[in-house]
Amino acid sequence: MSVASSPERQSVRPVLADAVDLARSAVTDLREGGVGQYLGVEREDDCAATHRFVAELPGYRGWQWAVVVAAAPDDSHATVSELALLPGPDALVAPEWVPWNQRIRPGDLPPGALLAPVPDDPRLGPGFMATGDPVVDETAVEVGLGRRQVMSREGRLDAAERWHDGDHGPDSEMAKAAPSTCDMCGFYLPLAGSLRGAFGVCGNEYAADGQVVHAAYGCGAHSDTELPVGAGTPRYDAFDDSAIEVVTVGSPASEEVESPAPEDAAPDQAGPKDRADRTDQAEPTTDEAD
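Predicted model only: the values in this text are computed from it and were never measured. (Residues numbered from 1 in each chain as written. Predicted model: local features only at pLDDT ≥ 70, side-chain atom pairs only at ≥ 80, totals over all residues. Heavy atoms only, no water.)

(A) Just the pairing of strand β8 (residues 199-202), in detail. For strand β7 (residues 188-190) and β8, the ladder comprises three bridges, and the chain directions are antiparallel. Residue pairing in the sheet places Pro 190 in a bridge with Gly 200 of β8. Bridging between β8 and strand β9 (residues 212-214) involves three bridges; their strand directions are antiparallel. Across the sheet, the residue bridging to Phe 199 is His 214, located in β9. (Pairing = 2+ DSSP bridges. Helix = DSSP H or I, 4+ residues; strand = E, 2+ residues; numbered from the N terminus.)

This is the structure we're talking about:
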């Protein structure tokens, strides 16, 4: 059902309610896009009303042309007062704008950028200024004084909760599989101040080096970790070289075997001495001739 047939139209002055063609012409003359179905009229006050049309614009699904017409109490015709493109109830619109200080997340701060704390940040509390006495000021710095602001109790509790629930907390998968805890590790460097009993910094370059870890956190690189000895490799059986026959690989001396001379040697293959012997045997002696 369009707005034009609603009871609200009955409260709109006829001179304003009948200005549909005037409102459509105003949008058409704008030449900013197509004008679609007429959606109805809404009363603004006794002298003004808004006519709405479907906006047939690419990328503006569900948007509407809103044309405000006005007429004085004694006027017999209306004039166009205002024209706008507005989102309808089913319009595709951008998400609600969020201030930058509410959009920023951990890790968004690039090198060189500035990020000031919000006014009256609950994470911070007032600090104490230096007194000028070197002994007093040095001690003040060690206990966290000498700064304009320090972390408040709320800020410390908030940080402790993040660290406890983070990747280096006692409930992480690494901690559950660790042989011992960080508070018993030689690489554990406890924090100063009120968080000393629960948190420290890891100094093992092969573990969570430089990261804040919970005292009940742990990993396989604990300083008291000892590797098992004498168990061999768990995936393979031990190699027994005494059960292997050692064979020296080399070229055995070849035996020289004298090959027999062929019985029927070709004439051209016989040597000079062999041919002379055969010649002597072929010539008969004198006695044999007689």
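On we go.
(B) Geometry of the layout of surface pockets. The volume enclosed by the largest pocket comes to roughly 450 Å³. Along its surface, the largest pocket is lined by 16 residues, and Ile 104, Arg 105, Pro 106, Leu 115 and Arg 123 are the ones closest to its centre. At the level of elements, α4 (100-103) and α6 (153-165) are the ones that each hand at least two residues to the lining of the largest pocket. Of the residues in the lining of the largest pocket, the class split is eight nonpolar, two polar and six charged. (1 Å grid on protein atoms, 1.4 Å probe; cavity = no way out; pocket = protein on both sides within 12 Å on 5 of 7 lines; lining within 4 Å. Points joined across faces, edges and corners; volume = space filled by probe spheres on them. Nonpolar A, V, L, I, M, F, W, Y, C, P; charged D, E, K, R; others polar.)

(C) Local environment of the pattern of salt bridges. Evaluation of the coordinates by the stated rule reveals four salt bridges. One salt bridge connects Arg 52 with Glu 42, and the closest N-O pair in it is separated by 3.3 Å. Taken as a pair, Arg 52 in strand β2 (residues 48-56) and Glu 42 in strand β1 (residues 34-45) lie far apart in primary sequence, 10 residues in all. You can call Glu 42 partly exposed: its relative accessible area is 24%. (Salt bridge = Lys/Arg side-chain N within 4 Å of Asp/Glu carboxyl O. Buried < 20%, exposed > 50% of the residue type's maximum accessible area, 1.4 Å probe, protein only.)

(D) View of the environment of Ala 198. Its place among the elements puts Ala 198 in the loop between β7 and β8. By relative accessible area, which is 26% here, Ala 198 ends up partly exposed. Distance in space between the C-alpha atoms of Ala 198 and Ala 160 is 8.5 Å, their sequence separation being 38 residues.

(E) Examining a nonpolar patch on the surface more closely. Side chains of Trp 100, Ile 104, Leu 109 and Leu 115 sit close together on the surface and give an oily, nonpolar patch of about 380 Å² of accessible area. Mapped onto the elements of the fold, Leu 115 is located in the loop between α4 and β5 (124-126). (Patch = residues over 30% accessible without salt bridge, like charges linked within 9 Å, V, L, I, M, F, W, Y side chains within 5 Å. Areas by Shrake-Rupley, 256 points an atom, 1.4 Å probe, with all protein chains shown as cover.)

(F) Main features of the nonpolar core. Grouped together as the largest cluster of nonpolar side chains are 23 residues, with contacts concentrated most on Leu 16, Phe 53, Trp 65, Val 67, Val 69 and Ala 78. For this core, the secondary-structure elements that each account for two or more residues are α2 (14-17), α3 (20-30), β1, β2 and β3 (63-70). With near-sequence residues (within four places) excluded, Phe 53 lies in contact with Val 20, Ala 23, Arg 24, Val 35, Gly 36, Gln 37, Tyr 38, Leu 39, Trp 63, Gln 64, Trp 65 and Val 67. Within the second largest apolar cluster, 10 residues are counted, among which are Ala 175, Cys 182, Cys 202 and Tyr 217. (Core = buried A, V, L, I, M, F, W, Y, C linked by side-chain atoms within 4.5 Å. Contact = heavy atoms within 4.5 Å.)

(G) Main features of the packing of aromatic side chains. One pass over the structure, following the stated rule, counts three aromatic pairs. Relative to Trp 63, the ring of Tyr 60 has its centre 5.2 Å away and its plane inclined at 85°; by these criteria the two rings are edge-to-face. Tyr 60 sits in the partly exposed class, given a relative accessible area of 35%. Its relative accessible area of 17% is what places Trp 63 among the buried residues. Between Trp 163 and Phe 199, the ring centres sit 5.3 Å apart and the planes meet at 75°, which makes this aromatic pair edge-to-face. (Phe/Tyr/Trp six-rings, centres within 6.5 Å; stacked < 30°, edge-to-face > 60°.)

(H) The arrangement of the sheet that holds strand β4 (residues 79-87) in detail. The four strands are arranged β1-β2-β3-β4 in an open sheet whose pairing can be described as antiparallel. Either end of the sheet is taken by a strand with one partner, and the two such strands are β1 and β4. Averaged over all adjacent pairs, the angle separating strand axes in this sheet is 20°, with direction ignored. Pairing of β3 with β4, which is carried by eight bridges, proceeds in the antiparallel orientation. If you follow Trp 63 over to β4, its bridge partner there is Pro 87. Lying over the sheet, α3 contacts β1, β2, β3 and β4, oriented at roughly 125° with respect to β1. (Axes fitted to C-alpha atoms, helices over the stretch in contact; angles between N-to-C directions.)

(I) Representation of the sheet that holds β8. Judged by pairing direction, the sheet is antiparallel, and its three strands sit side by side in the order β7-β8-β9 without closing on themselves. Either end of the sheet is taken by a strand with one partner, and the two such strands are β7 and β9. Between one strand axis and the next, the sheet turns through 45° on average, direction left out of account.

(J) Examining the side chain of Arg 52 more closely. By relative accessible area, which is 17% here, Arg 52 ends up buried. Every residue in contact with Arg 52, bar those within four places of it in the chain, is listed here: Gln 37, Tyr 38, Leu 39, Gly 40, Glu 42, Gln 64, Trp 65, Ala 66 and Leu 86.

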